[in-house]
Amino acid sequence: MEKTENIVIVGAGPIGIETAALLKRRGLHARHIDAGPIAATLDWWAPGTKFFSSPERLEIAGVPLVTRDQEKATREEYMAYLRAVAAQFKLPIETYTKLVDAERIEDSNTPDAPRFRLKLQRQPAPTDSTPDSPPTETVLATNLILATGNMDLPRLIGVEGETTTPWVSHYLKDPHHYYAKSVLIVGGKNSAVEAAIRLYRVGAKVALSYRRDRFDPERIKYWLLPELEWLIEKGRIVFHPETVPKTFEPGATTLKRLRPHPEGEYFKTASDFVLLLTGYDQDKTLFEKLGVDLSGEEQRPLFNRETMQTSIEGLFVAGTATGGSQKRAKVFIETSHVHAQRIAATLAGEQTNTPDPEYGRLEEA
Ligand SMILES: Cc1cc2nc3c(=O)[nH]c(=O)nc-3n(C[C@H](O)[C@H](O)[C@H](O)COP(=O)(O)OP(=O)(O)OC[C@H]3O[C@@H](n4cnc5c(N)ncnc54)[C@H](O)[C@@H]3O)c2cc1C
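What counts as what
Within every chain, residues take consecutive numbers counted from 1 along the sequence as written. For a predicted model such as this one, the threshold for reporting local features is a pLDDT of at least 70, and the threshold for listing and counting side-chain atom pairs is 80 or more; totals across whole chains, interfaces and linings nevertheless cover every residue. Note: side-chain values were computed over all heavy atoms of the structure, leaving out hydrogens and water. Here the rule is simple: two strands pair whenever DSSP picks up at least two bridges between them. Numbering of helices and strands starts at the N terminus; helices are DSSP runs of H or I of at least 4 residues and strands are runs of E of at least 2. Throughout, a contact is declared for two residues whenever any of their heavy atoms are within 4.5 Å. For every element, the axis is a line fit to its C-alpha atoms; helices are fit only across the contacting stretch, and the angle between N-to-C directions ranges from 0 to 180 degrees. Either an automatic procedure or a domain database provided the assignment from which the domain bounds are taken. Note: buried area is the sum, over both parts, of the accessible area (probe 1.4 Å) each one loses when the two are combined. By salt bridge we mean one thing: a side-chain nitrogen of Lys or Arg within 4 Å of a carboxyl oxygen of Asp or Glu. For Phe, Tyr and Trp, rings pair up if their centres lie within 6.5 Å, where Trp contributes its six-membered ring, and each pair is then called stacked (planes under 30 degrees apart), edge-to-face (over 60) or tilted (otherwise). Exposure classes here rest on a 1.4 Å probe applied to the protein chains alone. A residue is buried below 20% of its type maximum, exposed above 50%, and partly exposed in between. Nine residue types can take part in a nonpolar core, namely buried Ala, Val, Leu, Ile, Met, Phe, Trp, Tyr and Cys, and a core is a set of them joined through side-chain atoms within 4.5 Å. Note on convention: near helix rotated counterclockwise from far helix by under a right angle means a left-handed crossing. Clockwise means right-handed. As a working rule, the residues Ala, Val, Leu, Ile, Met, Phe, Trp, Tyr, Cys and Pro are called nonpolar, Asp, Glu, Lys and Arg charged, and the rest polar, with Gly in that last group. A cutoff of 4 Å decides nearness: a residue is near a molecule or strand if any of its heavy atoms lies inside that distance of it. By the criterion applied in these results, polar contacts are pairs of N or O atoms within 3.5 Å in which, for protein atoms, one can donate a hydrogen and the other can accept it, and in which residues neighboring in sequence qualify only through two side-chain atoms. In this description, accessible areas are obtained by the Shrake-Rupley approach with a 1.4 Å probe, and a residue is regarded as covered only by the protein chains that are shown. Known as pLDDT, the predictor's per-residue confidence is scaled from 0 to 100. The labels follow the angle: roughly parallel below 35 degrees, roughly antiparallel above 145, roughly perpendicular from 65 to 115, and oblique for the rest.

1. Points about the sheet that holds strand β8 (residues 168-169)
Thinking step 1. With parallel pairing, 5 strands are arranged side by side in an open sheet as β8-β15-β9-β10-β11. Each edge of the open sheet carries a strand with a single partner, namely β8 and β11 (237-241).
Thinking step 2. With 5 bridges joining them, strand β9 (residues 182-186) and strand β10 (residues 205-210) adopt parallel strand pairing. Among the inter-strand pairings, isoleucine 185 is bridged to a residue of β10, identified as leucine 208.
Thinking step 3. Relative to the sheet, helix α5 (residues 190-201) contacts β9, β10, β11 and β15 (273-276), its axis offset from that of β9 by approximately 165°.

Shown next, in the form of structure tokens:
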């Protein structure tokens, strides 16, 4: 016998947690799962990474976020804060539980009848001995909230070996690992620029390859760009503008020049490690399976701005999941609190008249 849930929330990042907290405040119970630990997206950021948003803009359900030094929160501070919020609201989040398949139940014609059949699968936690076939469970849901984020897949650059070569990665690890090593960073936006500065400061020999001739000040935290430019000017970080990687080999990467150059089209640069910090895309599988309309180049799910409901009755979307594969971040935590408020109000049968935040207006989907 399949169990029926009134509300299932998928994703326990900041906005999934906020949605659960606001539902709980209204006395509504939700089954809440995450494929990883809570805040799994933050889990892969390098230790010590700081938010660009100020603490008060990251606060969940009105719970104050107090940082150690009154500065912006670090990844670790915010993860501890999210654990405290989840504990304070006694949210029954089932971690390491993934929604692996979902389908609509077409013949659900009464308002409370289940509309979705969901297949959940236990994921091996880092501490588990990996089971051969993790157990699955089927649940029926009347309302489904996808707060699944949008940074599921690294944006590939199309160079052979980029996902299989051990010293090539799309993720910055603990900067300490790179001490006294040569590191080639590929990219020219926040994550690449921030990584270049941090790795220089841990004693790595850093080179930065970017396909453009200069950095766009609009797309880089305003305090990072002058630091990077100074380090490049002083020769402490080597900048290879208008280049892209061609091949990876142990200890070196061949870069291709995108403009004619007297020294030829290709050259080698030392690289014990290569970091391809070129962004991340959203996994659209669940949206596609459920038939959610996706729009534009970024394939953003379409939804009603008052309620956050998609074109499918009972299916809501929240947080950065609403942003599709963002080429330029327009949806992030501070612009997404309203999603949680709108969904909780809608499911509680309240009028939803939550205005858009004055900073970072939500774009019409
Ligand atoms: C280095 C860095 C710095 C950043 N700084 C900021 C900042 O200063 N301010 C800001 O607002 N944002 C920042 N961001 C973006 C930030 O990560 C997102 O805004 C935030 O995590 C979005 O929250 P969310 O709850 O919408 O989604 P996420 O935090 O991405 O959470 C989605 C959750 O859904 C889970 N999930 C996905 N699919 C499934 C499934 N099928 N089944 C079960 N669970 C699933 C994931 O495991 C994950 O835990 C930064 C990102 C990076 C990489």
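2. Some details on the domain arrangement of the chain
Thinking step 1. For the chain, the domain assignment lists domain 1 (3-152 + 282-347) and domain 2 (155-276).
Thinking step 2. Centre-to-centre, using C-alpha coordinates, domain 1 lies 33 Å away from domain 2.
Thinking step 3. Between domain 1 and domain 2, the residue contacts involve 13 residues of the former and 13 residues of the latter.
Thinking step 4. Taken over both partners, the interface formed by domain 1 and domain 2 buries close to 960 Å², and the fraction arising from carbon and sulfur atoms is 45%.

3. Thoughts on the pattern of salt bridges
Thinking step 1. Counted under the stated rule, the structure contains 21 salt bridges.
Thinking step 2. The salt bridge involving glutamate 2 is made with arginine 117; its shortest N-O contact spans 3.5 Å. One end of the pair, glutamate 2, is in the segment before β1 (3-10); the other, arginine 117, is in strand β5 (residues 116-122), and 115 residues separate them in sequence.
Thinking step 3. Of the charged contacts in the structure, one is a salt bridge between glutamate 249 and lysine 268, with a shortest N-O distance of 2.8 Å.

4. Some points on the packing of aromatic side chains
Thinking step 1. According to the stated counting rule, one finds 11 aromatic pairs in the structure shown.
Thinking step 2. On the numbers, 5.6 Å between centres and 80° between planes, the contact of phenylalanine 52 with phenylalanine 332 is edge-to-face. Placement of phenylalanine 52 in the loop between α2 (40-43) and α3 (55-58) and of phenylalanine 332 in the loop between β19 (315-317) and α8 (333-347) is noted, with a sequence separation of 280 residues between them.
Thinking step 3. When its relative accessible area of 40% is taken as the criterion, phenylalanine 52 is described as partly exposed.
Thinking step 4. In textbook terms, an aromatic cluster arises when at least three aromatic residues are bridged by ring pairs, as seen for Trp45, Phe51, Tyr78 and Tyr81.

5. What about the nonpolar core?
Thinking step 1. By size, the foremost hydrophobic cluster in this structure holds 60 residues, and its most contacted members are Ile17, Tyr78, Leu99, Leu118, Leu144, Ile145 and Leu146.
Thinking step 2. When neighbours within four sequence positions are excluded, isoleucine 145 is seen to be in contact with Ile7, Val8, Ile9, Val10, Thr19, Leu23, Phe316, Ala318, Ile343 and Leu347.

6. Observations regarding unusual backbone geometry
Glycine aside, residues mostly have negative phi, and peptide bonds are mostly found in the trans state.
Thinking step 1. In this structure, glutamine 70 is a non-glycine residue whose phi angle is positive, near 65°.
Thinking step 2. By the secondary structure assignment, glutamine 70 is in the loop between α3 and α4 (75-88).
Thinking step 3. Look at glutamine 70 and you get exposed, because its relative accessible area is 68%.
Thinking step 4. In this model, glutamine 299 sits at a positive phi of 55°, which is unusual for a non-glycine residue.
Thinking step 5. Structurally, the position occupied by glutamine 299 is in the loop between β17 (294-295) and β18 (300-301).

7. Things to note about the packing of helix α1 (residues 14-25) against α8
Thinking step 1. Relative orientation of the contacting elements α1 and α8 amounts to 35°, with a least axis distance of 9 Å. Helix-helix and strand crossings are classified by hand; for α1 and α8 the assignment is right-handed. Here Pro14, Ile15, Glu18, Thr19, Leu22 and Leu23 of α1 come into contact with α8, specifically with Ile333, Ser336, His337, Ala340, Gln341, Ile343, Ala344 and Leu347.
Thinking step 2. Its residues assigned to classes, the contact of α1 with α8 comprises 9 nonpolar, 4 polar and 1 charged.

8. Digging into the site of the ligand
Thinking step 1. For the ligand, the set of nearby residues contains 30 residues, the closest of which are Asp34, Thr41, Phe52, Ser53 and Ile333.
Thinking step 2. Note that an oxygen atom of the ligand is positioned 3.3 Å from one of the backbone N or O atoms of proline 14.
Thinking step 3. Relative to its unbound accessible surface of 980 Å², the ligand loses 89% to contact with the protein.
Thinking step 4. Looking at the shell around the ligand, the elements that each hand over two or more residues are α1, α2, β4 (97-104) and α8.
Thinking step 5. Along the lines of polarity and charge, the residues of the shell around the ligand split into 16 nonpolar, 11 polar and 3 charged.

9. Brief notes about the confidence of the model for the chain
Thinking step 1. For the chain, per-residue confidence averages 93 on the pLDDT scale, and 95% of positions sit at 70 or higher.
Thinking step 2. For the stretch residues 359-365, pLDDT sits under 50, and the model shows 20 contacts to residues farther than four places along the chain or on other chains.

10. Some thoughts on the sheet that holds strand β13 (residues 251-257)
Thinking step 1. With antiparallel pairing, 3 strands are arranged side by side in an open sheet as β12-β13-β14. Looking at strand neighbours, the two that pair on one side only are β12 (243-249) and β14 (266-271), the edges of this open sheet. When the angles between neighbouring strand axes are averaged without regard to direction, this sheet yields 35°.
Thinking step 2. Of the strand pairs in this sheet, β13 and β14 are connected by 6 bridges, and their pairing is antiparallel. Its bridge partner being in β14, glycine 251 is matched across the sheet by serine 271.

11. Observations concerning the packing of α5 against helix α6 (residues 224-233)
When two helices pack together, their arrangement is given by the angle between the helix axes and by the axis-to-axis distance.
Thinking step 1. Two elements in contact, α5 and α6, have axes separated by 10 Å at closest approach and are oriented at 55°. Our classification of the angle between α5 and α6 gives oblique. The way α5 lies across α6 gives a crossing that is left-handed. Residues Asn190, Val193, Glu194, Ala196, Ile197, Tyr200 and Arg201 of α5 form the contact with α6, whose participating residues are Leu224, Glu227, Leu228 and Leu231.
Thinking step 2. Looking at the contact of α5 with α6 residue by residue, the class counts come to 7 nonpolar, 1 polar and 3 charged.

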